[in-house]
Amino acid sequence: MNSNPTIQLPRPTAILWDLDGTLIDQTAAIIRCYREVILDMGYPQPDDNSIRRSLGGIMAATMGLFVEAEHLDEACKAFRVRFPKIMFDGLILLAGGEELIERAYKAHIPQVLFTNKHGETARKVSRYAGFAKYIPICIGSADTEWHKPQLALTQHVLDQIEVSAEGSIIIGDSPTDIAVAQNAGLSCYCVSTGAHSLEELMEAGADAAFESLIELGQAIELSKS
């Protein structure tokens with residue numbers, strides 16, 4: 001069931017895809033890495049749900065909930081060293097994602113992966129998951145001086161695929177993605193496959209919210225124009 005049971009979404013001119021919680025579930029490895037780094041630095045064991053709820057922003061924002069400011073840079077560097085060793089452990093490709101990407105590709109709709117995950121890590125995940133064959137451009141943190149939901153980054157992403165904000169959409173799972181849309185004048189369609197419920201996503205300002213990409217795919221028009 002989606003929050004808009006009769007909605008029919010128009011054909012977008014471009015799709016900006018979030019990654020974590022939207023196309024993939026890499027939560028187990030991410031939480032494990034945060035936990036191990038935080039414990040190794042001598043801090044108390046963090047609550048897994050607190051980590052999960054904080055995801056979607058930049059790493060420093062999550063790490064800063066558990067690590068003091070003077071140790072934050074060290075902790076983030078330790079995460080980046082450790083995570084590649086475990087990043088595919090328990091990785092789940094969320095239902096409906098690859099099919100929706102392929103449909104958009106065949107309909108000649110420009111697409112880009114747009115994430116606050118470290119850019120190199122995001123591109124490795126994209127190749128591993130098979131998204132890269134349809135979406136060659138993947139922009140993450142450290143690729144620019146900006147991060148989601150900053151307007152400058154969204155404009156940079158739109159420039160990379162040579163489209164304007166008008167008619168473009170972002171598909172995501174968090175209030176961060178909704179803020180991206182609000183800042184840039186995009187529509188935002190959300191799925192509750194991350195850490196936020198349909199109700200939370202709609203209250204945050206999503207244009208539509210669905211329980212899965214399968215349901216979103218049934219509602220959105222992607223035929224060739």
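Scroll up a little and you will see the structure.
What counts and how
Residues numbered from 1 in each chain as written. Predicted model: local features only at pLDDT ≥ 70, side-chain atom pairs only at ≥ 80, totals over all residues. Heavy atoms only, no water. Helix = DSSP H or I, 4+ residues; strand = E, 2+ residues; numbered from the N terminus. Rg over C-alpha atoms; globule rule 2.2 N^0.38 Å. Buried < 20%, exposed > 50% of the residue type's maximum accessible area, 1.4 Å probe, protein only. Contact = heavy atoms within 4.5 Å. Areas by Shrake-Rupley, 256 points an atom, 1.4 Å probe, with all protein chains shown as cover. Lys, Arg positive; Asp, Glu negative; His and termini not counted. Charge placed at Lys NZ, Arg CZ, Asp CG, Glu CD. Pairing = 2+ DSSP bridges. Phe/Tyr/Trp six-rings, centres within 6.5 Å; stacked < 30°, edge-to-face > 60°.

Trainee: I'd like a description of the overall build of the protein chain, backed by residues and values.
Mentor: Assigned secondary structure in the protein chain consists of 10 helices and 8 strands. Over its C-alpha atoms the protein chain spans a radius of gyration of 17 Å, differing by no more than 12% from the 17 Å that the globule rule assigns to 225 residues. With the C-alpha coordinates of the protein chain rotated into their principal frame, the extents come out at 55 × 35 × 30 Å. Evaluated residue by residue, the protein chain yields a buried proportion of 48% over its 225 residues. Pairs at least 24 residues apart make up 68% of the contacts formed inside the protein chain by residues separated by at least 6 positions. Within the structure as shown, the protein chain displays about 10,200 Å² of accessible surface, and the carbon and sulfur contribution to it stands at 50%. Positive and negative charge centroids in the protein chain, built from 18 and 30 side chains respectively, lie 8 Å apart.

Trainee: So, the environment of Leu222: which residues are in play, and what are the values?
Mentor: Considering the arrangement of structural elements, one finds Leu222 in the segment after helix 10 (213-219). Assessed through its relative accessible area of 5%, Leu222 is described here as buried. Taking the C-alpha atoms as reference, Leu222 lies 39 Å from Phe79; in sequence the two are 143 residues apart. Residues contacting Leu222, with those up to four places away along its chain left out, are Arg11, Pro12, Ile15, Leu100, Arg103, Ala104, Ala107 and Ile109.

Trainee: Any chance you could break down the pairing of strand 5 (residues 138-141) for me, citing the residues and the numbers?
Mentor: Examined bridge by bridge, strand 4 (residues 111-118) and strand 5 share 3 bridges and lie parallel to one another. Note that in strand 5 the partner of Leu113 across the bridge is Cys138.

Trainee: Explain the packing of aromatic side chains to me, and be specific about the residues and the numbers.
Mentor: Remark: the centre distance and the inter-plane angle together describe each pair of aromatic rings, the angle taken between the planes. The final tally for this structure, using the stated rule, is 4 aromatic pairs. Taken together, a centroid distance of 4.6 Å and an interplanar angle of 45 degrees make the contact between Tyr34 and Phe79 tilted. Linking Tyr34 in helix 1 (residues 27-40) with Phe79 in helix 4 (residues 72-86), this pair joins segments that are 45 residues apart in sequence. By relative accessible area, Phe79 is classed as buried at 7%. When the centroid spacing of 4.0 Å and the interplanar angle of 15 degrees are considered together, the rings of Phe88 and Tyr128 count as stacked. In this pair, Phe88 is assigned in the loop between helix 4 and strand 3 (92-93) and Tyr128 in helix 6 (residues 119-129), connecting sequence segments 40 residues apart. Owing to a relative accessible area of 52%, Tyr128 belongs among the exposed residues under this scheme. One aromatic cluster is present, formed by Tyr34, Phe79 and Phe83 through successive ring pairs.

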